[in-house]
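Below are the chains, spelled out letter by letter.
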Amino acid sequence: MRFRAKIVDLACLNHFSRIINTIAKLAKTCILRLTLCKLYFILSDKVANGGASMWCELSQGNFFDEFQMEGVATEHNEIYLELVPENLSRALKTAQSAKAVKIKLTNKHCPCLRVAVELPSLSSSSRIVTHDIPVGVIPRRMWNDFREPSVPDFDVSIYLPVLKTMKSVVERMKNLSNFIVIEANLSGEMNLKIETDLVSVTTHFKDLGSPPWASEDGCQSSAQGRDLESMAEVCIDIKKLQQLLAGQQVNPTKALCNIVHKRIVHFILLHEEVSLQYFIPAIA
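Along each chain, numbering runs from 1 in the same order as the chain's sequence is written. The predicted origin of the model limits local features to residues at a pLDDT of at least 70 and limits the giving and counting of side-chain atom pairs to 80 or more, whereas totals for whole chains, interfaces and linings rest on all residues. Heavy atoms throughout the structure, all of them, feed into the side-chain values; hydrogens and water do not.

Q: So, helix α3 (residues 163–174): which residues are in play, and what are the values?
A: Between its first and last C-alpha, α3 extends 16 Å over 12 residues, near the 16 Å set by a 1.5 Å rise per residue. Between buried and exposed lies partly exposed: a residue is buried under 20% and exposed over 50% of the maximum accessible area for its type, with that area taken using a 1.4 Å probe on protein chains only. Only runs of H or I of at least four residues qualify as helices and only runs of E of at least two qualify as strands under DSSP, and these elements are numbered from the N terminus. Those residues of α3 that fall on the buried side of the exposure criterion are Leu163, Met166, Val169, Val170 and Met173. All buried residues of α3 fall inside an arc of 125° around its axis, so they share one side. Opposite the buried face of α3, at more than 90 degrees from it, the exposed residues are Lys164 and Arg172. We call two residues in contact whenever any of their non-hydrogen atoms come within 4.5 Å of each other. Its buried side turned inward, α3 meets β12 (179–184), β13 (190–195), β14 (200–205), α5 (238–246), β16 (254–260) and β17 (264–271). By definition here, a helix of n residues has an expected span of 1.5 Å times n minus one. Here, the arc refers to the directions that run from the helix axis to the C-beta atoms.

Q: Quick rundown of a positive patch on the surface? Include the residues and the values.
A: A patch consists of residues exposed above 30% relative accessible area that lack any salt bridge, with like charges linked at up to 9 Å and nonpolar side chains (Val, Leu, Ile, Met, Phe, Trp, Tyr) linked at up to 5 Å. Per-residue and other accessible areas were derived by the Shrake-Rupley procedure at a 1.4 Å probe size, with only the shown protein chains allowed to occlude residues. Salt-bridge detection follows one rule: a side-chain nitrogen of Lys or Arg within 4 Å of a carboxyl oxygen of Asp or Glu. In this charge count, Lys and Arg are treated as positive and Asp and Glu as negative; neither His nor the chain ends contribute. The atom standing in for a charge is NZ when the residue is Lys, CZ when it is Arg, CG when it is Asp and CD when it is Glu. A cluster of basic side chains, namely Arg4, Lys102, Lys104 and Lys108, defines a positive patch on the protein surface. In this fold, Arg4 is placed in strand β1 (residues 2–7).

Q: Which residues make up the packing of aromatic side chains, and what are the values?
A: Each aromatic pair joins two rings of Phe, Tyr and Trp (for Trp, the six-membered one) with centres within 6.5 Å, and gets the label stacked for planes under 30 degrees apart, edge-to-face for over 60, and tilted for any other angle. Scanning the entire structure with this criterion turns up 7 aromatic pairs. An angle of 25° between the planes, with centres 4.4 Å apart, marks the rings of Tyr80 and Trp143 as stacked. Remark: Trp143 occurs in the loop between β10 (136–137) and β11 (156–159) and Tyr80 occurs in strand β6 (residues 79–83); sequence separation between them is 63 residues. Across the pair, Trp143 and Tyr80 agree in class, each one buried. Here the basic side chain of Arg33 rests over the ring of Tyr40, its NZ or CZ set 4.3 Å away from the ring centre. In this scheme, the term charge over a ring applies when either NZ of a lysine or CZ of an arginine sits within 6 Å of the ring centre and within 35 degrees of the ring normal.

Q: Explain the domain arrangement of the protein to me, using residue names and the numbers behind them.
A: All the domain ranges listed were derived from an automatic or database domain assignment. Each assigned domain of the protein is listed here: domain 1 (2–145) and domain 2 (156–281). Between the C-alpha centres of domain 1 and domain 2 the distance comes to 29 Å. Facing the 20 residues of domain 1 at the interface are 18 residues of domain 2. Accessible area that two parts lose when put together, evaluated with a 1.4 Å probe and summed over both, is termed the buried area. Carbon and sulfur atoms supply 60% of the area that domain 1 and domain 2 bury against each other, a total of about 1,700 Å² over both sides. Area buried by domain 1 at its contact with domain 2 is led by Thr22, Lys25 and Leu26, which between them contribute 29% of it. At the surface where domain 1 touches domain 2, the tally comes to 0 salt bridges. Here a polar contact is taken to be a pair of N or O atoms separated by no more than 3.5 Å, where protein atoms must pair a possible hydrogen donor with a possible acceptor and residues adjacent in sequence count only if both atoms sit in side chains. Our enumeration of links across domain 1 and domain 2 arrives at 4 residue pairs in polar contact (both at pLDDT 80 or more). For the side of domain 1 that touches domain 2, the secondary-structure elements that each account for two or more residues are α1 (10–26) and β4 (53–59).

Set out below in structure tokens:
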């Protein structure tokens, strides 16, 4: 099992660093799945226990100038590692003006991702700062626990309002309640609501538009044949929503949300070469 990669382009490096930073805000630990073409960051808190789950994928060709890996076996050419994304984020922070960054899987005393940052220096020799990030290797028999979550059979799918606006609304509401209700319909209306014994606050968004799911892939959702005005709603932990919005450094070109009435909300943030899915289960 071997892995090594290198980023030389500074714009790619900074973009990669922002993605890792976003992931670090969403997950204390996560699984990094490496394949020949893609990297996946996976968080699968069991939804049954009220945990959120995340699936972020990026194409390695858009970030790395060199990328070599050999998985656990020829027919299973993948590697699954458990790591603390905050550690990787910290290591990449030292690389903001780097000439190159190399990442390599090593195993001296324990398995580590070694991040070697080559910094520009005044003399001819370059300075290299290395960070060893401990990782756990996930055995093949457990890989099935980290498959891509299936998109739920949603009642409403809607584009999100500008994330910065949404973030400031949610931050103000967070001071008043631990829970937030998101409701939306197929007419492009969305409300964010909190209700406590003392106060009830609602922010309305309209003309948000709906993604063209059904027409694109014939995907049968319970949204079909649904009354356009009727609201689907879900009550969730406001902190989990705030984490998603506060951590956003990817500036998605498209951001949408699917709601399964009273069960789960599924966010999808798309940027040219990155897609991030985040699932927050309803609070019973």
